[in-house]
Amino acid sequence: MIRLGLIGYPLGHSLSPRLHQAALESFGLEGEYRLYPIAPEDQDGLAALVGRVRQGELDGLNVTIPHKQNVIPLVDDLTPEAREIGAVNTLYRQGGALIGHNTDAPGFLTDLQRFWQPAPGDERRALVIGSGGGARAVVYALLRDGWNVTVAAVLLDQAAALVEALRAVAGQQALGFVPNEREAVRAVLEGTRLIVNASPVGMTPNVNASPWPEGLAFPPGATVYDLVYNPPETLLVRQARQAGLRATTGLGMLIEQAARSFECWTGRLPAREVLWNAVEG
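Structural notes, computed from the coordinates. These numbers were taken from a predicted model, which means no experiment stands behind them.

This part is about the packing of helix 10 (residues 251–266) against helix 11 (residues 272–280). As a packed pair, helix 10 and helix 11 sit with axes 10 Å apart at the nearest point and diverge in direction by 130°. Classified by the angle between their axes, helix 10 and helix 11 sit oblique to one another. The crossing of helix 10 and helix 11 is right-handed. Here Leu-251, Gly-252, Ile-255, Glu-256, Ala-259 and Arg-260 of helix 10 come into contact with helix 11, specifically with Arg-272, Leu-275, Trp-276 and Val-279. Its residues assigned to classes, the contact of helix 10 with helix 11 comprises six nonpolar, one polar and three charged.

Moving on to the pairing of strand 8 (residues 148–153). With respect to burial, strand 8 is a largely interior element, six of its six residues being buried. A two-sided burial pattern is seen for strand 8, the buried positions comprising Asn-148, Thr-150 and Ala-152 on one face and Val-149, Val-151 and Ala-153 on the other. Pairing of strand 7 (residues 125–129) with strand 8, which is carried by five bridges, proceeds in the parallel orientation. Paired with Arg-125 across the strands is Asn-148, a residue of strand 8. Note that the unit made of strand 7, helix 5 (residues 133–144) and strand 8 has a crossover that is right-handed. In terms of strand pairing, strand 8 meets strand 9 (residues 175–179) through five bridges, oriented parallel. By the bridge assignment for strand 9, Ala-152 is matched with Val-178.

Attention shifts here to the environment of Ala-243. In this structure, Ala-243 sits in the loop between helix 9 (235–242) and strand 12 (246–249). Among the residues examined, Ala-243 registers a relative accessible area of 44% and is labelled partly exposed. Distance in space between the C-alpha atoms of Ala-243 and Ala-217 is 8.5 Å, their sequence separation being 26 residues.

It is worth spelling out the sheet that holds strand 7 at this point. Taken in spatial order, the six strands of this open sheet run 9-8-7-10-11-12, and their pairing is parallel. The open sheet has two edge strands with one neighbour each: strand 9 and strand 12. Strand-to-strand, the axes of this sheet are offset by a mean angle of 15°, without reference to chain direction. Across the sheet, helix 5 touches strand 7, strand 8, strand 9 and strand 10 (194–197), and the angle it forms with strand 7 is around 170°. Helix-sheet contacts for helix 9 involve strand 10, strand 11 (223–226) and strand 12, and the interaxial angle to strand 12 is about 165°.

Definitions and limits used
- Position numbers for residues count from 1 along each chain, tracking the sequence in the order it is written.
- Thresholds applied to this predicted model are a pLDDT of at least 70 for local features of residues and 80 or more for the giving and counting of side-chain atom pairs; totals over whole chains, interfaces and linings are not thresholded and use all residues.
- Neither water nor hydrogens contribute to the side-chain values; these are computed over all heavy atoms in the structure.
- The angle between two axes is taken between their N-to-C directions and runs from 0 to 180 degrees, where each axis is a line fitted to C-alpha atoms and a helix contributes only its stretch in contact.
- Only DSSP runs of H or I with at least four residues qualify as helices, and only runs of E with at least two residues qualify as strands; both kinds are numbered from the N terminus onward.
- By definition in this entry, angles of less than 35 degrees are roughly parallel, angles greater than 145 are roughly antiparallel, angles of 65 to 115 are roughly perpendicular, and the rest are oblique.
- Handedness of each helix crossing follows the sense of rotation of the near helix against the far helix: counterclockwise by less than a right angle gives left-handed, clockwise gives right-handed.
- In this description, contact between two residues means that some pair of their heavy atoms is separated by no more than 4.5 Å.
- Polar here means any residue other than Ala, Val, Leu, Ile, Met, Phe, Trp, Tyr, Cys and Pro, which are nonpolar, and Asp, Glu, Lys and Arg, which are charged; Gly is therefore polar.
- Partly exposed residues are those whose accessible area sits between 20% and 50% of the maximum for their type, while under 20% is buried and over 50% is exposed, using a 1.4 Å probe and protein chains only.
- Strands are treated as partners if at least two bridges between them are detected by DSSP.
- The handedness rule is simple: strands pointing away from the viewer, and a clockwise path from the first strand over the helix to the second, make the crossover right-handed.

The analysis is restricted to geometry; functional conclusions fall outside its scope.
Below, the structure is given as structure tokens:
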């Protein structure tokens, strides 16, 4: 019996149980994937749940908002990617050690490239909204792929910490941050080809919210990628499409990161078709 699950808060919107149950069934594995809502302030509850993986009561966990950075002090070691990103979305045992890993970054980049790639010679300039663990993974992936990145954030101390943590990854590429306010964002929009929402704004049940500053026009010809996947069309995606832009939610990223997490736990990589059918069927 393989026991897996997801730590986060809130979790009512999550499609992860459907994905991982389908993955288990596709390999004929007996198991379960449960939701473990842990409130942001419940550090004791978080530590106790993570400890169950170390003790072998659970075989692995995913980690989502707001705990992708909170779990770091609770693990024995980080993979190189998780260490550079400074955020964890996957916990698994290796030998007697509890390992923190990040499958968000490759999951995001794989799905972005499936959806859209800039033309050769196009300037690679991206705006990433948000400054939490998801934003760290996105910024890391974009920097590794040769993009210049500006972070637009509400929590400026958190954004400053993100930029400082990833400065070595940026190398010669531009990396900075601005407040997520209309005039501040307008000042850095010229030449932006990609806008990524890596914040939870617009996620069920708050479906009438958008992270895009009110009254600000989108840069012409840009592509919009919203990590939020529930609802199936977020307000940000709808706004972008109404402006004539390519736009998608993060459902493909959810699938890609889930497949990689499942491989960490079981050594088996599920077919993407199986996972897509689980959430679209």
